[in-house]
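Each chain, letter by letter, is given below.
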Amino acid sequence: MTKRIVILGGGTGGTLAANRLHRALAGECEIVVVDRDDDHVYQPGLLFVPFGLAHEEDLVRSRRRQLHHDIAYRDSGVDHVDVEANRVHLADGGVLGYDVLVIATGARLVPEETDGLTGPGWMTRTFSFYDLEGATALARALREFDGGRLVVNVVDMPIKCPVAPLEFCFLADWYFQERGIRDQVQLTYVTPLDGAFTKPVASRTLGGMLQDKGIELVTEFNTGEVDGAAGKLISFDEREVTFDLAVVVPVHGGAECIERSWGLGDALGFVPADEHTLQSKVRDNIFVIGDAAAIPTSKAGSVTHFEGEVLTRNVVRFLAGEQLDASFDGHTNCFIESGFGKAVLIDFNYDTEPLPGHYPAAVGLPLLKESRLNHLGKLMFGWLYWHSLLPGRDLPGVATEMPLAGKHLEVR
Amino acid sequence: MSTKVYAGTEVSVNDEGFFTDPGQWREDMAAEIAQEAGVGDLTGRHWQVIHFMRTEFAQKGTGPTVRALGKTSGVSVKELYRLFPKGPAKLAARIAGIPKPRGCI
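Keep in mind that this is a model prediction, so the values were computed, not measured.

Q: What am I meant to see in the overall build of chain B here?
A: Regarding its fold elements, chain B presents five helices and two strands. Of the regular secondary structure in chain B, the N- to C-terminal order runs β-β-α-α-α-α-α. The C-alpha atoms of chain B give 13 Å as radius of gyration, which agrees with the globular expectation for 105 residues (13 Å, within 12%). By its C-alpha atoms, chain B is 35 × 30 × 20 Å across when sized along the principal axes. Within chain B, buried positions represent 40% of all 105 residues. At a minimum sequence separation of 6, the contacts of chain B that also span at least 24 residues come to 51%.

Q: So what exactly am I meant to see when it comes to the overall build of chain A here?
A: Scanning chain A from N- to C-terminus turns up eight helices and 26 strands. In terms of overall size, chain A behaves like a compact globule, its C-alpha atoms giving a radius of gyration of 21 Å where 412 residues would be expected to give roughly 22 Å. Along the first, second and third principal axes, the C-alpha atoms of chain A reach 70 × 50 × 40 Å. Burial status across chain A gives 48% buried among its 412 residues. In chain A, the proportion of contacts linking residues at least 24 apart, taken out of those at least 6 apart, comes to 66%.

Q: Help me understand the interface of chain A and chain B in this model?
A: Think of interface size as the accessible area that goes away when the parts come together; that is how it is often given. Taken together, the contacts link 14 residues of chain A with 14 residues of chain B. Residue composition of the side of chain A that touches chain B, grouped by class: eight nonpolar, four polar and two charged.

Q: Teacher, can you tell me more about the domain arrangement of chain A here?
A: Residue and element names in this part refer to chain A. By domain assignment, chain A separates into domain 1 (3-106 + 255-319), domain 2 (124-247) and domain 3 (332-389). The centre of domain 2, based on its C-alpha atoms, is set 23 Å off from the matching centre of domain 3. Facing 13 residues of domain 2, the contacting portion of domain 3 comprises 12 residues. Ranked by residue count, the leading element in the side of domain 2 that touches domain 3 is helix α4 (residues 164-178), at six residues.

Q: Where do I start with the packing of helix α2 (residues 44-60) of chain B against helix α5 (residues 88-95) of chain B in this structure?
A: Helix-helix packing is described using two parameters, namely the angle between the two axes and the distance between the axes. Residues and elements named next belong to chain B. Close contact between α2 and α5 brings their axes to 9 Å; oriented N to C, the two are set at 80 degrees. Classified by the angle between their axes, α2 and α5 sit roughly perpendicular to one another. Here V49, I50 and M53 of α2 lie close against α5, whose contacting residues are A92, A93 and I95. Class assignment for the residues of the contact of α2 with α5 results in six nonpolar, no polar and no charged.

Q: Can you walk me through the sheet that holds strand β14 (residues 215-218) of chain A in this structure?
A: Strand pairing within a sheet occurs via backbone hydrogen bonds; the two strands may be parallel or antiparallel. Residues and elements named next belong to chain A. Spatially, five strands are ordered β11-β18-β12-β13-β14 in an open sheet, and the strand pairing comes out parallel. Unpaired on one side and paired on the other, β11 (126-127) and β14 mark the two borders of the sheet. With six bridges joining them, strand β12 (residues 148-154) and strand β13 (residues 185-190) adopt parallel strand pairing. Bridge pairing links G148 to V185 in β13.

Q: Hey, could you run me through the nonpolar core in this one?
A: Residues and elements named next belong to chain A. Grouped together as the largest cluster of nonpolar side chains are 67 residues, with contacts concentrated most on F129, C169 and I346. Of the residues forming this core, the biggest block, eight residues, is contributed by α4. Excluding residues within four positions of it along the chain, F129 makes contact with L46, L47, V49, P50, G134, A135, L138, F168 and V247. Among the nonpolar cores identified, the runner-up in size contains 48 residues, and Y73, A292, A293 and F328 belong to it.

Q: What's the story with the pairing of strand β1 (residues 3-8) of chain A in this structure? I'm lost.
A: Each regular strand displays side chains that alternate between the two surfaces of the sheet. All names here are of chain A. Two strands pair when backbone bridges link them, and β1 and strand β2 (residues 29-35) are joined in this way by six bridges, in the parallel orientation. Note that in β2 the partner of I7 across the bridge is V33. With helix α1 (residues 12-25) bridging β1 and its parallel neighbour β2, the resulting β-α-β unit is right-handed. Relative to strand β9 (residues 100-103), β1 is paired through four bridges, and the arrangement is parallel. Note that in β9 the partner of I7 across the bridge is V102.

Q: What should I look at first to understand α4(A) in this one?
A: What sets the pattern is the α-helix's 3.6 residues per turn: residues three or four places apart point alike. Residues and elements named next belong to chain A. If you check α4, its first and last C-alpha atoms are 21 Å apart, about what 15 residues at 1.5 Å a residue would give, namely 21 Å. In terms of burial, α4 is largely enclosed, as 11 of its 15 residues are buried. Those residues of α4 not exposed but buried are A164, P165, L166, E167, F168, C169, F170, A172, D173, Y175 and F176.

Q: Would you explain the sheet that holds strand β5 (residues 72-75) of chain A in this entry?
A: Residue and element names in this part refer to chain A. Here we have five strands laid out as an open sheet, ordered β5-β2-β1-β9-β21, and parallel in their pairing. Each end of this open sheet is capped by a strand with a single partner; those strands are β5 and β21 (286-288). Taking each pair of neighbouring strands and ignoring which way they run, the sheet shows an average axis angle of 20 degrees. Helix-sheet contacts for α1 involve β1, β2 and β9, and the interaxial angle to β2 is about 170 degrees.

Q: Hey, could you run me through the environment of A:G269 in this one?
A: Residues and elements named next belong to chain A. Within the secondary structure, G269 sits in the loop between α6 (256-259) and β20 (271-272). G269 gets classed as buried once you count the C-beta atoms within 10 Å, which come to 24. A C-alpha to C-alpha distance of 6.5 Å links G269 and A255, two positions 14 residues apart in sequence. In this structure G269 touches G253, G254, A255, I258 and E259, once residues within four positions along its chain are discounted.

Q: Looking at this model, I keep getting lost on unusual backbone geometry. Mind explaining?
A: For residues other than glycine, phi is negative in most cases, and the peptide bonds are mostly trans. Residues and elements named next belong to chain A. Residue P158 is bonded to the preceding M157 through a cis peptide linkage, with omega at 0 degrees. When you line up the elements, P158 lands in the loop between β12 and α4. For the bond from Y359 to P360, the omega torsion is 0 degrees, close enough to zero to count as cis. Following the sequence through the fold, P360 ends up in strand β25 (residues 357-360). Residues other than glycine seldom take positive phi values, yet E220 does so here, at roughly 50 degrees. One can find E220 in the loop between β14 and β15 (223-227). Take E220: there are 15 C-beta atoms within 10 Å of it, and that puts it in the partly exposed class.

Q: Before we go on, may I ask you to explain the pairing of strand β16 (residues 232-235) of chain A in this structure?
A: Residue and element names in this part refer to chain A. Looking at chain direction, β15 and β16 are connected through four bridges and run antiparallel. Opposite T223, over in β16, you have S235 as the bridge partner. The hairpin formed by β15 and β16 contains four residues between the paired strands, and G231 there has a positive phi angle of roughly 70 degrees. Where β16 and strand β17 (residues 240-242) come together, three bridges link them in antiparallel fashion. Bridge pairing in β17 links K232 to T242. The antiparallel pairing of β16 with β17 creates a hairpin that spans four residues between the two strands, and E238 there sits at a positive phi of about 65 degrees.

Procedures and definitions
Residues numbered from 1 in each chain as written. Chains lettered and ligands numbered in written order. Predicted model: local features only at pLDDT ≥ 70, side-chain atom pairs only at ≥ 80, totals over all residues. Helix = DSSP H or I, 4+ residues; strand = E, 2+ residues; numbered from the N terminus. Rg over C-alpha atoms; globule rule 2.2 N^0.38 Å. Buried ≥ 20, exposed ≤ 12 C-beta atoms within 10 Å, placed from the backbone. Contact = placed C-beta atoms within 7 Å. Nonpolar A, V, L, I, M, F, W, Y, C, P; charged D, E, K, R; others polar. Domains from an automatic or database assignment. Axes fitted to C-alpha atoms, helices over the stretch in contact; angles between N-to-C directions. Parallel < 35°, antiparallel > 145°, perpendicular 65-115°, else oblique. Pairing = 2+ DSSP bridges. Core = buried A, V, L, I, M, F, W, Y, C linked by C-beta atoms within 7 Å. Right-handed = clockwise from strand over helix to strand, strands pointing away. Expected span 1.5 Å × (residues − 1).

This is how it looks when you write it as C-alpha cells:
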C-alpha cells in the first residue's frame, strides 16, 4: 500500500519539506499538506511594512501554489493529533491517517498572555509588527508620529527572528532621519536579555551599533504589564519604562492544535525533538521542522531551510527502516538590516557563535559588519525565497552545514 | 570552576555559583545558598518551586524558563518574582543545585 506523509502547516517549513519529500519519494508516497488558509506570508518582509518599504500585496501568495501539483493540499484547520493511533483529526471533521507526520505549524503570537498588552492602546499606541495587521497599522501610526519616545520591547524569548526587533530600531533611526525629525524622537530598545543579542561577540557589535545610532538600551527587563493608557511598560521586578509609542514583540507559543494534542508539545506548545535528527521525542514517526520545534536554534527561516535537507533524508531513511542522519548542526544565517541601504550578516550554529570574517569563504559577504553588499543580499533573498527555498532547491553557494572557512575564530 | 561549602559539605560550582554536579546537592544546603543569593528565608512556596526544578531537571536535563515555570509549577510568574526577585529561573535553579537553565536564542 502507498504510504502517506501528512505535513501540518503550509508555511516555510511545511512547503519546502513537502517539495523536497516529493522529489525524494516521487510516486512512492502520498504527501498531504494541511493548512487552515491559503495565505503564505513572506515573514521577513513584515519588518519593512511599518516604514512603507513593503506592502501587503508584495508579501502574500497562495500556499497551495508553492507546492508541486502532485502534492495534495487540505484546506482545513487541525483539531488535534492522536499520536497513539497515527491520525490527525481535522477541524472540518475529517480524519487523516499517516505513516509519517511532519509538524511545521510554526510559532503563534500570544499578546494576550501579557497583562494589559491587548487592552487600552492596543493597535493605537502599542503595536506588534510580527503580523500583517499589526505591521500595516503601525505604518499608519509611524507616518503620524511627530516626536516623543518610541520604545521597542521584546517581552520574552523565544521569538521568531530574534534580530528583527534590532533591525526595527536601526530602520526607525534611518526613517526619522529621512523625515528630518530624528532629534525629536527618543528611541529605546528594551530586552529581557543581558545585552543586545544572545551571543557575546555579536552582542558587542550590535550593542555598539545601537550606541552609535543613539538608541538607548535597557536590559534584563522582563515585561509583566503594558499600560497603553498611561504609556508605560512595567517589569515583573517593578521597573517602569514610559513611551509615547510602543512596538512590542509579544510572547510566542506553539500552535493551538499542538497544545490540544496529548503528549506532543512542551509547556509552551513547541514540539521537543532531537536537535540533530529532527525526530520528535514523542514518537519515532513524527518529525519537526522550523519554528514549531523545541530545539536550541533561533526561530528563523534560514534555520528551517537548512533543516530541510536533513529532515527529508531522515523521513526517507525512517520509511526504509534505516538509521537516521544526525547531521543538523543548528546552522543559522541572518541578514540584519541596519538602515541607510546597509546590512550586517551573521552566520552561526550550535557550536560556533556569530563571528567576523566573510561568508561563505574568505572571499564573500562580510560578516558582523555593515555593508551595502549585505543589504543587496537581503533584497535578493526575497526572490530566492519564492523561487529556490520553497521549491526545496539548494541555494547556490549556501551549504546546509555552517562553513568555518572565512570566519575569524580568534576574536574572543 | 571552584568549590563552596554548604551544610558542611564541599561541592563544585561554576563562576556564577551554579552546581556543576547536581548529584552533590542536598536539601539541607538550600537555605545557605538562598541566603547567599539574597533570597532570604525559604517558605513552603519557595520549596514548591525548588522541588519542581529538581523534578524537571531529572526528567528533561535542563531547568525550565520563567514562563514555563509560571505555566507548570503552580506558582504564577508574578509570585515567582516575589519569591525569587530579579531572576526566578536562575535563582531557583541555583538554590535547587541544578545548572543554569539553557537560555533561548
